[in-house]
Amino acid sequence: MNHYSRLQINFPEKAIFWRLGGNSARTVLDAESHRRFKKIALTAFEACEPKGRWEIFPVKEVTADGIYLSSGSFIAGGNFAAKCRGINALWCGAVTVGSRVTALRDEQTMVSAGAIYDAVAAECADEAADVLQELARQELLRRGMLLDERRYSPGYGDMPLEVQKFFFSTLNLAELAMVLSENLYIIPEKSVTAFAGVKTI
Amino acid sequence: MKGYFMTGNEFQEYLKKSFMILDGATGTELIKRGMPSGVCPELWVYEHPEAICDIHNAYIAAGSNIVYAPTFGGNRCKLAEFGLADRLGEIVTSLVKITKNNAGSRALVFGDIAPTGKFIEPSGELDFDEAVAIFREAAQAMKDGGADGFAIETMMDLQEARAALLGVREAAPDLPVIVTMTFESSRRTLTGNTPEAALVTLQALGADAFGCNCSTGPEEMAQVIAALKPYARIPLIAKPNAGLPRLENGKTCFSMDAKMFASYGKILADAGASIFGGCCGTTPEHIAALAGNIRDIPFQYTPAEYRSVVSSASRICEIGKKFVVIGERINPTGKKAFQAELRSGSLDMAMDFALQQSEAGAGILDVNVGLSGIDEKETMRKLVAKLCRSTGEVLCIDSTDPATVEAALRLYPGRALLNSISAEKNRLEKVLPIAAKYGAMLIALPLTDDGIPSGADGRMAAVDRIIAEAARYGYCEKDICVDALIMAVASDNQAAWSALEVISRCSERGLHTVCGLSNISFGLPERSLVNRTFLGMALGRNLSMAIANPLFPELMSMVIAADSLLGRDEKMNRLLEFSEKQKSGGTSGQISSQRSFALSPVEAVKDAVLRGDSDRIESRLQAALDAGNSPEYLLNEVMIPAITEVGKKYEEKKFFLPQLISGAEAMSRGSAFLEPLLISGGSQPEKKAKFIIATVKGDIHDIGKNIVATVLKNYGFEVIDLGKDVPPEVIIDRALAEKADLIGLSALMTTTMGAMKDTVELARRRGLTSLKFIVGGAVVDKEFADSIGAVYAADPMSAVNAAEALIAQ
């Protein structure tokens, strides 16, 4: 298991701005508004505690409905499987930015600040997933394997949310203080789980 | 060169005369020789030494002058993943011995040092000193095995590369150390370091050569090497992959065969590399072909012209290229509120100062936390860490305490400017070695143990003494910036002349200069005018930097104009950009504040809503009321048109979401302020409709719902917010009890969208056929909304528009 109890991420200012409806060509921020936005966003960024882990699992067969792993597990999702033809292994990664940032978001008395906290947490989770995947890509390249840049998450396309259970059991996400609710949402809220295909070079 | 001991200096001298060839990929070659997946490579090689000997023999035969011992993961953190941390000394030392015995006199053997797999402070979890200790331990084991030098490679984080270099230097101060980092196609490392910032930092810290390995093929790497060349005083290394992986006949392979890979040798050499090798996908054939091509290239080593450059982890600041304002605000002297904050342990105000100065155009931020009653060293360390995590600014460490200076320079992930070294014996003996260890650039303060020399001659003599002492630690004049030591003209009417004379003399010698600008006007009226006038005189004598307050627009505009006049603003781009900003309303906080003070009371109310200024709306309303405006007029003719304008700007994407919500918050606060006056005047505003809003059962995400509720309130709706995870029965019961006109439902999960349908159906079953539903949330779309008989709203303003359309029906 490749575990990172603290992932280093860059402050994704542009992505946060975009997520909040900003348009680089049209949106006008006076200096005072920009400073206010950036200060709140940086405070939220400081509250993020990105961590993650990944592992690869040998693939037995890729079918039209999903992917059979050598371990016997089946990952449902035809759309994803269609993109995975020829893979030798499946990369499974999970990241979270922790619950501190969302707790602080919920404590904000100004909704505008809460919205910024929310956007920062969401974008930092994405950024953490990018970092985790890149770390894995470099590690796997040294092992003679190529990790696909695209990643797929449960709930998107035809991959059912039930697949979250696979992540929680195989990656033991309780060790990242992550919990899967009855409704299959992840706590902490700003977390990402994802698959990507791995081919041997 | 082969087979004998070389110090770092000898290594550098050798590299001035010849190209050098490193080895190629090791991991994939070990796999070819039977190393199974999932094992600890270091242990496997330890148990199968013939494999690495075979690989190295092939690389040496191919032309490698240096081979890397198989110690890539030979640090405590990586070995611990296999439960082998306690065997580090045994394994790593043996691996180097095996490699040395095999290579004999045919090639040098460098200990291979790679990342720990952990991120290091200030952005990561691993304590910096602990990281240094981890690398020191590994380097010591390699030295014990007889390593000829060290190759710190595949670094993705400049801070980890710094820790590794310091660790190696502490274990083996005399042996050569080369450093390569991995830059993505974005030309940054994964953690955001630029090649130039990494080079400037590590070169100053004592690396013998610097460059890139892995991640990209030679074509992209040549571009990185070319970007490094203007700043490289040490040889540059290119160790690329064999192109990029691609699919060929159903198999994934690297895109470059040996011949094509080798063809980039000349391109890399032309870009500035003089040390070559290969990384992922390369084989002994690739190295043989590369070495063959390199042999045909005439050797020419021309180190870059010496530049005075400081850096953060992500950018550089070149002194002398354009005038640099060092932001002076992060300094508690004379700032009671900041002093109180520092004493309370808060660094918020320091962050504010950093952001303000950075936005106003400061090139470097001075950081001074010298204050009685606080732990200066610890406060400095925390502040440097915070600034590095949150901003990419270059820092100037400003302290008289050697321990504070060392703590800051050790942690700072770049090449800092140090304020300052004086000619006082104590400073030279205690602070200069610390500055040199971390490669900091120096501000030289012409102050001696006898005090401040009164004239320029005495000050230049003090400067010469500092330069001579610094030279003993490897500094040259370009690493030093002379403080002109400005004194107040109020107490000495020749003070300006003395400082100007020092600036002139330094300029004639090619020395950079700096001054603490505001000192000149201390005790005088019209300080800003005096400061600017002095700056103009100093700029005419080629002053390089000023420690000043960049929040004064007049000062910053003067600097931009001066750079244009002195030929430091190529094509006048900065002047043109400045002119555009002036036309569009200015850029600094002071400009915008001044503008609002010039507004009439009514305009100021409108301005507060447009800017979302909740803190000022009440005082501005009071001022408008005092000026004779009625509360009805202020609400209906000023605030409502203002919030409508905010909504329009949001829809046109001229405002982003926080501006829309802030406007609504300011409006809300202003309305609450006016409400008692409106009621007492008998004109309480009517609500448009009653709107119940909730996040549906099973869903706990409510930020979107809260935003919609805030905005709706300010468009005249009476909003009843039921919160999150609300069952259909609760929503419908409340709708009946309140005689609601509209219901808004939010959901973020596909698994909870069904509760929206359940709620709508429950309403219909209970006969509430005229009740209208608006739905929204990340997973909701128009198709789904239509299917359950609701109206879809993509964002807060869509919800307002939908609600207004529905009540108009």
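Parameters and conventions
For every chain, the first residue of the written sequence is number 1, and numbering continues from 1 along that sequence. To label them, take the chains in the order written and letter them from A, then take the ligands in the order written and number them from 1. Local features in a predicted model are, by the rule used here, given only for residues with pLDDT of at least 70; side-chain atom pairs are given and counted only at 80 or more, and totals for whole chains, interfaces and linings are based on all residues. To obtain the side-chain values, all non-hydrogen atoms of the structure were used and water was disregarded. The classification of residues rests on relative accessible area computed with a 1.4 Å probe and restricted to protein chains. Under 20% of the type maximum is buried, over 50% is exposed, and intermediate values are partly exposed. Only DSSP runs of H or I reaching four residues or more are called helices, and only runs of E reaching two or more are called strands; each is numbered from the N terminus. The criterion for strand pairing is that DSSP finds at least two bridges linking the strands in question. We call a crossover right-handed when, viewed with both strands directed away from the observer, the connection leading from the first strand over the helix to the second proceeds clockwise. Each domain's extent was defined by an automatic or database domain assignment. Pairs of residues are marked as contacts when any of their non-hydrogen atoms sit within 4.5 Å. Buried area, as used here, totals the accessible surface that two parts lose on assembly, with accessibility defined by a 1.4 Å probe and the loss added over both. For this document, the term salt bridge refers to a Lys or Arg side-chain nitrogen within 4 Å of an Asp or Glu carboxyl oxygen. Lines fitted to the C-alpha atoms define the axes, with helices restricted to the stretch that makes contact. Angles between their N-to-C directions range from 0 to 180 degrees. Planes of paired rings set the category: under 30 degrees apart is stacked, over 60 is edge-to-face and the rest tilted, where pairs are Phe, Tyr or Trp rings (Trp by its six-membered ring) whose centres lie within 6.5 Å. Geometrically, a charge over a ring is one whose NZ (Lys) or CZ (Arg) sits within 6 Å of the ring centre while staying within 35 degrees of the ring normal. Polar contacts, as counted here, are pairs of nitrogen or oxygen atoms within 3.5 Å of one another; within protein the pair requires one atom able to donate a hydrogen and one able to accept it, and residues that are adjacent in sequence qualify only if both atoms are side-chain atoms. To qualify as a nonpolar core, a set must consist of buried Ala, Val, Leu, Ile, Met, Phe, Trp, Tyr and Cys residues joined through side-chain atoms within 4.5 Å. A residue's pLDDT is the predictor's confidence in that residue, given on a scale from 0 to 100. In this analysis, the protein atoms alone were mapped onto a 1 Å grid. Cavities are point sets where a 1.4 Å probe fits without being able to get out; pockets are open sets with protein on both sides within 12 Å along at least five of seven lines; lining residues have an atom within 4 Å of a point. Grid points are joined across faces, edges and corners, and a volume is the space filled by probe spheres set on the points. Residues are sorted three ways: Asp, Glu, Lys and Arg are charged, Ala, Val, Leu, Ile, Met, Phe, Trp, Tyr, Cys and Pro are nonpolar, and all the rest, Gly among them, are polar.

## A short note on the pairing of strand β23 (residues 742-746) of chain B
Every other side chain in a regular strand lies on the same face of the sheet, so the side chains alternate between the two faces. All names here are of chain B. Of all 5 residues that make up β23, 5 are buried, and the element is covered over most of its length. Side-chain alternation along β23 places L742, G744 and S746 on one buried face and I743 and L745 on a second face that is also buried. Here 5 bridges tie strand β21 (residues 690-695) to β23, and the two strands are oriented parallel to one another. Bridge assignment links F691 to a residue of β23, and that residue is L742. Bridge count between β23 and strand β24 (residues 772-776): 5 bridges; the pairing is parallel. Its bridge partner being in β24, G744 is matched across the sheet by I774. Handedness of the crossover joining β23 and β24 through helix α31 (residues 754-765) is recorded here as right-handed.

## Remarks on the domain arrangement of chain B
Split by domain assignment, chain B resolves into domain 1 (8-295), domain 2 (309-556), domain 3 (599-680) and domain 4 (690-808). Here the C-alpha centre of domain 4 of chain B lies 58 Å away from the C-alpha centre of domain 2 of chain B.

## Regarding the interface of chain B and chain A
Opposite the 66 residues of chain B that make contact, chain A presents 54 residues. For the pair chain B and chain A, the two sides together bury roughly 5400 Å², of which 57% comes from carbon and sulfur. Applying the counting criterion to the chain B and chain A interface returns 6 salt bridges. The residue R611 of chain B makes a salt bridge to D30 of chain A at a minimum N-O spacing of 2.9 Å.

## Section: the sheet that holds strand β13 (residues 324-327) of chain B
Taken together, the 8 strands give a closed barrel; going around it, the order is β13-β14-β15-β16-β17-β18-β19-β20 (chain B), and neighbouring strands pair in parallel fashion. Strand-to-strand twist across the sheet, computed as the mean angle between neighbouring axes with direction ignored, equals 30°.

## Side note on the packing of aromatic side chains
Within the structure shown, the criterion is met by 16 aromatic pairs over all chains. On the numbers, 6.3 Å between centres and 40° between planes, the contact of Y4 of chain A with F119 of chain B is tilted. Of this pair, Y4 of chain A sits in strand β1 (residues 2-4) while F119 of chain B sits in the loop between β3 (108-113) and α7 (128-144), on two different chains. For the pair shown, Y4 of chain A and F119 of chain B are each scored as buried. Arranged with centres 5.2 Å apart and planes meeting at 85°, the rings of F338 of chain B and F353 of chain B form a pair that is edge-to-face. With F338 of chain B in helix α14 (residues 336-344) and F353 of chain B in helix α15 (residues 348-360), the pair connects residues that are 15 residues apart, well separated along the chain. When sorted by exposure, F338 of chain B lands in the same class as F353 of chain B, which is buried. One residue, R307 of chain B, lies across the ring of Y231 of chain B, its end atom 5.0 Å from the ring centre. Over the ring of F353 of chain B we find K335 of chain B, and its NZ or CZ is 5.9 Å from the ring centre.

## Thoughts on the side chain of K239 of chain B
All names here are of chain B. With respect to the helices and strands, the residue K239 is situated in strand β7 (residues 236-239). The exposure class of K239 is buried, given its relative accessible area of 3%. Of note is the side chain of K239, whose polar atom sits 3.3 Å from the side chain of D23. Dropping the residues within four chain positions of it, K239 is found in contact with L22, D23, G24, Y68, C212, N213, C214, M221, G277, G278 and C279.

## A closer look at the nonpolar core
Ranked by internal contacts, the top residues of the largest apolar core, which has 286 residues, are W91 of chain A together with L202, F210, I364 and F534 of chain B. Element by element, the count of residues in this core is highest for helix α5 (residues 111-142) of chain A, at 18 residues. Among residues more than four places away in sequence, those in contact with F210 of chain B are V179, M181, F183, P195, A198, L199, L202, L228, I234, P235, L236 and I237 of chain B. If you look at the next biggest cluster of nonpolar residues, it comprises 28 residues, including I692, I720, L771 and A785 of chain B.

## Considerations on the confidence of the model for chain A
Per-residue pLDDT for chain A averages 93, and the proportion of residues at 70 or more is 100%. At the level of individual helices and strands, chain A shows its lowest average pLDDT in helix α2 (residues 31-47) of chain A, which scores 90, and its highest in strand β5 (residues 89-96) of chain A, which scores 97.

## Concerning the sheet that holds β24 of chain B
Note: strands within a sheet are paired through backbone hydrogen bonds, in either parallel or antiparallel orientation. Residue and element names in this part refer to chain B. On the basis of which strands lie adjacent, the open sheet formed by 5 strands has the order β22-β21-β23-β24-β25 and parallel pairing. Only two strands of the sheet have a single neighbouring strand rather than two, namely β22 (718-721) and β25 (791-792). In this sheet, β25 lies alongside β24 in parallel orientation, the contact comprising 2 bridges. When the sheet's bridge partners are listed, I774 is paired in β25 with V791. With respect to the sheet, helix α33 (residues 796-808) is in contact with β21, β23, β24 and β25, its orientation differing from that of β24 by roughly 170°.

## Some points on empty space enclosed by the protein
Counting across every chain of the model gives 4 cavities of 30 Å³ or more. Here the largest cavity defines a volume of roughly 110 Å³. Lining the largest cavity are R6, L7, Q8, I9, F45, E46, C48 and P50 of chain A together with S123 and R389 of chain B. Across the lining of the largest cavity, the residue classes tally to 5 nonpolar, 2 polar and 3 charged.

## Quick look at the confidence of the model for chain B
Reading fine detail from the predicted coordinates is not recommended where pLDDT is low. Looking at chain B, the pLDDT average stands at 92 and 97% of residues meet or exceed 70. Segment residues 586-597 of chain B: pLDDT under 50, and 22 contacts once partners within four positions in sequence are set aside and those in other chains are kept.

## Overview of the pattern of salt bridges
Following the criterion strictly, the structure yields 64 salt bridges over all chains and no others. With its nearest N and O atoms 3.5 Å apart, the salt bridge here joins E46 of chain A to K386 of chain B. On the criterion of chain membership, the pair formed by E46 of chain A in helix α2 and K386 of chain B in helix α16 (residues 376-390) is interchain, its members lying in two chains. For D23 of chain B, the salt bridge goes to K239 of chain B, with nearest N and O atoms at 3.3 Å. With D23 of chain B in the loop between β1 (20-21) and α2 (27-32) and K239 of chain B in strand β7, this pair connects stretches of sequence that are 216 residues apart. Overall, the relative accessible area of 0% leaves D23 of chain B in the buried class. Residues joined by salt bridges that share partners form a network here, namely R105, D106, D118, E189 and K190 of chain A.

## Observations concerning the side chain of R53 of chain A
Residue and element names in this part refer to chain A. Within the secondary structure layout, R53 lies in strand β2 (residues 51-62). Looking at R53, its side chain comes within polar contact range of the main-chain oxygen of L171, at 2.7 Å. Polar side-chain contacts of R53 include one of 3.4 Å to the backbone oxygen of N172. Excluding residues within four positions of it along the chain, R53 makes contact with M1, N2, H3, C92, G93, A94, L132, L171, N172, L173, E175 and L176.

## Concerning the pairing of strand β5 (residues 177-181) of chain B
Residues and elements named next belong to chain B. Most of β5 sits out of view: 5 of its 5 residues are buried. Neither face of β5 is left uncovered, since the one carrying V177, V179 and M181 and the one carrying I178 and T180 both have all their residues buried. Here strand β4 (residues 149-155) runs beside β5; their pairing, made up of 4 bridges, is parallel. Within β5, the residue paired with F150 across the bridge is V177. The β-α-β motif built from β4, the intervening helix α8 (residues 158-171) and the parallel element β5 has right-handed crossover chirality. Of the pairings in the sheet, the one linking β5 to strand β6 (residues 209-213) comprises 4 bridges and is parallel in character.

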